[in-house]
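Structural description and commentary
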Amino acid sequence: MQKSILDTILSPADLRALTPEQLPVLAQELRRFIIDIIATKEGHLGASLGVVELTIALHYIFNTPSDNLIWDVGHQAYGHKILTGRKDIFHTNRQKGGISGFPNRAESIYDTFGTGHSSTSISAALGMAMAAGLKGAHNRHHIAVIGDASIASGMAFEGLNHAGVTDANLLVILNDNAIGIDPSVGALKRYLTNVKKGTAREENIFEALNFSYFGPVDGHDLNALTEVLQELKKTKGPKFLHVITTKGKGLALAEREQITYHAPGKFDATTGIRVAKDSTPQPPKYQDVFGHTIVELATLNKKIIGITPAMPTGSSLKYMIEAFPDRAFDVGLAEQHAVTLSAGLATEGMVVFCNIYSTFLQRAYDQVIHDVALQNLPVIFCLDRAGLVGQDGGTHQGVYDLAYLNCIPNLIIYAPSDEIALRNIMYTAQQGLDHPIVIRYPRGRGVHINWQLPFKEITIGKGYNIIKGKKTAVVTLGSIIKNVLTAVNEVNASCSVYDMGFLKPLDTALLDTIFTTYDHIITVEDGSKIGGLGSSVGDYAFAKAYKGSLTILGIPDRFIEHATVEQQYAEAGISVASLSLLLKNLA
Ligand SMILES: Cc1ncc(C[n+]2csc(CCOP(=O)(O)OP(=O)(O)O)c2C)c(N)n1
Ligand SMILES: CC(=O)[C@@H](O)[C@H](O)COP(=O)(O)O
Ligand SMILES: [Mg+2]
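Conventions we followed
Residues numbered from 1 in each chain as written. Chains lettered and ligands numbered in written order. Predicted model: local features only at pLDDT ≥ 70, side-chain atom pairs only at ≥ 80, totals over all residues. Heavy atoms only, no water. Helix = DSSP H or I, 4+ residues; strand = E, 2+ residues; numbered from the N terminus. Contact = heavy atoms within 4.5 Å. Areas by Shrake-Rupley, 256 points an atom, 1.4 Å probe, with all protein chains shown as cover. Lys, Arg positive; Asp, Glu negative; His and termini not counted. Charge placed at Lys NZ, Arg CZ, Asp CG, Glu CD. Buried < 20%, exposed > 50% of the residue type's maximum accessible area, 1.4 Å probe, protein only. Arc of directions from axis to C-beta. Donors = N, O, S within 2.8 Å, 3.2 Å for Na, K, Ca; no water. Near = heavy atom within 4 Å. Polar contact = N/O pair within 3.5 Å; in protein donor to acceptor, adjacent residues only side chain to side chain. Nonpolar A, V, L, I, M, F, W, Y, C, P; charged D, E, K, R; others polar. UniProt positions renumbered as here; feature names shortened; annotations may be inferred. Pairing = 2+ DSSP bridges. Axes fitted to C-alpha atoms, helices over the stretch in contact; angles between N-to-C directions. Salt bridge = Lys/Arg side-chain N within 4 Å of Asp/Glu carboxyl O. Parallel < 35°, antiparallel > 145°, perpendicular 65-115°, else oblique. Disulfide = S-S within 2.5 Å.

Scanning the protein for helices and strands turns up 24 helices and 17 strands. Overall, the C-alpha framework of the protein stretches about 75 × 60 × 50 Å when taken along its three principal axes. A fraction of 75% describes how many contacts in the protein between residues 6 or more apart in sequence connect residues 24 or more apart. Summing over all exposed atoms, the protein offers an accessible surface of approximately 23900 Å²; the carbon and sulfur share of this is 54%. A distance of 3 Å separates the average location of the 51 positive side-chain charges in the protein from that of its 56 negative side-chain charges.

Written out as structure tokens, the structure is:
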């Protein structure tokens, strides 16, 4: 059988040997290859399909990896991976032991900078360009490809602001498809739309920032792309190229339903139709419990406001945005702004639910301390995707929140053991607390089919005994209790199980009882072992001169890479099997 052009590309050097006429054929093959693999292996789809031509053009014109190419977020880098020697292992994408779903420096010399969180590419590329300048390597090019949602983030502006006063050999390419995961929002989006329509009356803002501006260019026209990139190669200093693309390009359904096809799960590679989900009733996703409960509460409490930074679908705040468009806001890809905006709203007595994925709140750490906790403003943070998140891997793990929040005064920190507890703590929090509260819950589904029960108030700072046993107490919090209870039942362990619920305030009265009752305490959490529940219990045990032994289980002091959540639990020693083994040995 005759080899496809794609089969002959083992590295960008092979790509650069092609004639310009061969490039559109390669684009077709590359698109097909991505679709065929992602249809069964799952992953991010729309973003990579949208940059197929741009990816080919960049590796064709620039001398990668000597020229540095950085993909912002990195969820659109599948074509880049395939063209840079990873075609044969692309089917292992996002699986344990396989390649990462994001650029990763440990994986390839072509992945010049690890990404996953957005809006870092301009700063990183500028750093590389400045270093090259200092080393006298003035001919090397440094390219940041950033999306229209990601460029609206503060960090991207910080990079542009600095780059504009340098002579760095930096090329920023705006891949403008007018959508993030959800449609892009904000004044910048409006401006970019006007630029595309030729109706922008303002001075070009990128030129105003001292960038040489090129575009807008059709990002699916390989001739236009290669031509403009050649031109850019000859232009010195900071340059900006505005490329217009369609997310999901080449798969009709993905073009039409861009939100769904950002990461569609399994689908038919020919039709694009998604594989039907099991129709038997299932417990709800935690995100939907949040999304529907906030609508219920907002109906009763007119002061409730909902905030999300660019994740209305992922957080399910979209339900409130639909129901109460004047009280629920997608503020764009801007976690820092989301937190301080929430603080501002709280100063005026609004009851603000600020929903941010655990991993993305890392961006707004100072805002949590300086703008919320220090001023003791009762913002209600809902941290979705807390704990281990599975295939997104190391960049997206929500395992640091308990530790990085534990040390902040004034914060209440709660991890519901199930979706009913999530609902009840949301109800409790909106009644008015004296402090800000962080509610952290995992990716995925809860455990109850009937979860929409009447609200019950939760007592702040109170933990509970769930199972009574002898000698050993297992002390836990959050949804990981499911693994603990399953393990206890499986091995018929004669231990007690405590659901602390709150990391802060810690139920020290309950701990006092536990210290006097048990010789051995095991803490279990799906957060970093350092600084979370185990650390707090350990500190308190030390202060109380507890004579028994303490075993702390949680996420070890290393990054947990992509795998299924179950595999990641096993790696951390908190899977049902690992807990069963531990409890069995105790018995
Ligand atoms: C700091 C941060 N917040 C949120 C996200 C989640 N996220 C991943 S992709 C994405 C949208 C990116 O949109 P855009 O930059 O336009 O790229 P596109 O998907 O359109 O290629 C968001 C919000 C993230 N990765 N990082
Ligand atoms: C690339 C990125 O950051 C998002 O697309 C993320 O993968 C979403 O995660 P969920 O699938 O958990 O919403
Ligand atoms: Mg976009």
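On to helix H24 (residues 576-586). Taken together, the buried positions of H24 are occupied by Val576, Leu579, Ser580 and Leu583. Viewed end-on, H24 has its buried residues packed into an arc of 100 degrees, placing them on one side of the element. Across H24 from its buried face, at more than 90 degrees, point the exposed residues Ala577, Leu581 and Asn585. Looking at the buried positions of H24, the neighbouring elements they touch are strand S13 (472-476), helix H20 (481-491), strand S16 (520-528) and strand S17 (549-555).

The next point concerns the coordination of the magnesium ion (ligand 3). Protein-derived coordination of the magnesium ion (ligand 3) comes from Asp148 (OD), Asn177 (OD1) and Ile179 (O), at a distance range of 2.0 to 2.2 Å. Mapped onto the polypeptide sequence, the residues donating to the magnesium ion (ligand 3) form the spacing pattern D-x28-N-x1-I. With Asp148 in the loop between strand S2 (142-147) and helix H7 (154-163) and Ile179 in the loop between strand S3 (170-176) and helix H8 (187-197), the pair connects residues that are 31 residues apart, well separated along the chain. As far as burial versus exposure is concerned, Asp148 and Ile179 are alike and both buried.

Near ligand 1 there are 22 residues, and of these His75, Ser150, Ile179, Lys247 and Glu335 occur at the shortest range. Asp148 is positioned such that a nitrogen or oxygen atom in its side chain is 3.1 Å from an oxygen atom of ligand 1. Within the contact set of ligand 1, a nitrogen atom lies 2.6 Å away from a side-chain nitrogen or oxygen of Glu335. Out of a free accessible area of 580 Å², ligand 1 has 97% covered by protein chains. By residue class, the composition of the shell around ligand 1 is 9 nonpolar, 9 polar and 4 charged.

Our focus in this paragraph is the environment of Ile413. Mapped onto the secondary structure, Ile413 falls in strand S10 (residues 412-414). Distance in space between the C-alpha atoms of Ile413 and Asp401 is 9.7 Å, their sequence separation being 12 residues. Sequence-distant contacts of Ile413, defined by excluding residues within four places in its chain, comprise Leu402, Leu405, Asn406, Val438, Gly501, Phe502, Leu503 and Lys504.

With that out of the way, let us pick up the UniProt feature "domain: Transketolase-like pyrimidine-binding" (unreviewed entry) in the protein. Taking the numbering used here, the UniProt-annotated feature "domain: Transketolase-like pyrimidine-binding" (unreviewed entry) corresponds to residues 284-449. Its end C-alpha atoms 7 Å apart, residues 284-449 is made of 42% helix and 16% strand.

Let's shift gears to the sheet that holds strand S8 (residues 351-357). Across the sheet, which stays open at both edges, the 7 strands sit in the order S7-S6-S8-S9-S11-S10-S15 with mixed pairing between neighbours. The two strands at the open ends of the sheet, each matched to only one other strand, are strand S7 (328-330) and strand S15 (502-504). Between one strand and the next, the sheet's axes are offset by a mean angle of 20 degrees, whatever the strand orientation. Where strand S6 (residues 304-308) meets S8, 4 bridges bridge the pair, whose relative direction is parallel. By the bridge assignment, Ile304 is partnered in S8 with Val351. Strand contacts of helix H19 (residues 419-430): S6, S8, strand S9 (380-384), S10, strand S11 (437-440) and S15, with the helix running at about 165 degrees to S11, the strand carrying the most contacts.

The parallel open sheet is built from 5 strands, whose spatial order is S1-S2-S3-S5-S4. Whereas interior strands pair on both sides, the edge strands pair on one side only; in this sheet they are strand S1 (68-71) and strand S4 (212-218). Here the average twist between neighbouring strands, direction ignored, is 15 degrees. In this sheet, strand S5 (residues 239-244) lies alongside S3 in parallel orientation, the contact comprising 6 bridges. Bridged to Ile173 within S5 is Leu241.

With 5 of 5 residues buried, S6 lies mostly within the body of the structure. Covered by surrounding structure in S6 are Ile304, Gly306 and Thr308 together with Ile305 and Ile307, the residues of both alternating faces. With 3 bridges joining them, S6 and S7 adopt parallel strand pairing. Across the sheet, Thr308 pairs through a bridge with Asp330, a residue of S7.

The full count for this structure, using the stated rule, is 18 salt bridges. In this structure, the salt-bridge partner of Asp392 is Arg94, at a minimum N-O distance of 2.7 Å. Here Arg94 lies in the loop between helix H5 (78-86) and helix H6 (121-134) and Asp392 lies in the loop between S9 and helix H18 (401-406), a separation of 298 residues in the sequence. Judged on exposure class, the residue Asp392 and its partner Arg94 are both buried. Between Asp526 and Arg440 there is a salt bridge, with its nearest N and O atoms 2.6 Å apart. You can see Asp526 sitting in strand S16 and its partner Arg440 sitting in strand S11, a full 86 residues away along the chain. Overall, Asp526 belongs to the buried group, its relative accessible area being 3%. Within the structure, one salt-bridge network assembled from shared partners comprises Lys81, Arg86, Glu107 and Asp111.

Taken N-terminus to C-terminus, the directions of helix H15 (residues 335-347) and helix H17 (residues 365-373) make an angle of 10 degrees; their axes are 9 Å apart at the nearest point. Regarding the angle of H15 to H17, the classification is roughly parallel. Each of Gln336, Val339, Thr340 and Ala343 in H15 lies in contact with H17, whose residues at this interface are Gln367, Val368, Asp371 and Val372. Tallied by class, residues from the contact of H15 with H17 come to 4 nonpolar, 3 polar and 1 charged.

So, on to the UniProt feature "binding site: thiamine diphosphate" (unreviewed entry) in the protein. UniProt records the feature "binding site: thiamine diphosphate" (unreviewed entry) for His75, Gly116, His117, Ser118, Ala149, Ser150, Asn177 and Glu335 in the present numbering. With respect to the secondary-structure elements, Ala149 resides in the loop between S2 and H7. In this structure Ala149 comes out as buried when scored by relative accessible area, which is 16%. With sequence-adjacent residues up to four places away left out, Ala149 is seen in contact with Gly180, Ser184 and Leu333. Along the chain, Ser150 turns up in the loop between S2 and H7. Those residues in contact with Ser150 that sit more than four places away from it in its chain are Asp72, Val73, Ser118, Ser119, Ala156 and Leu333.

Right, let's get into the state of the cysteines. Here the structure, examined in full by the defined rule, presents 0 disulfides. Left unpaired, Cys354 is separated from the closest cysteine sulfur, that of Cys382, by 8.6 Å. Left without a disulfide partner, Cys407 is nearest to the cysteine sulfur of Cys354, which lies 18 Å away. Given the relative accessible area of 55%, Cys407 is considered exposed.

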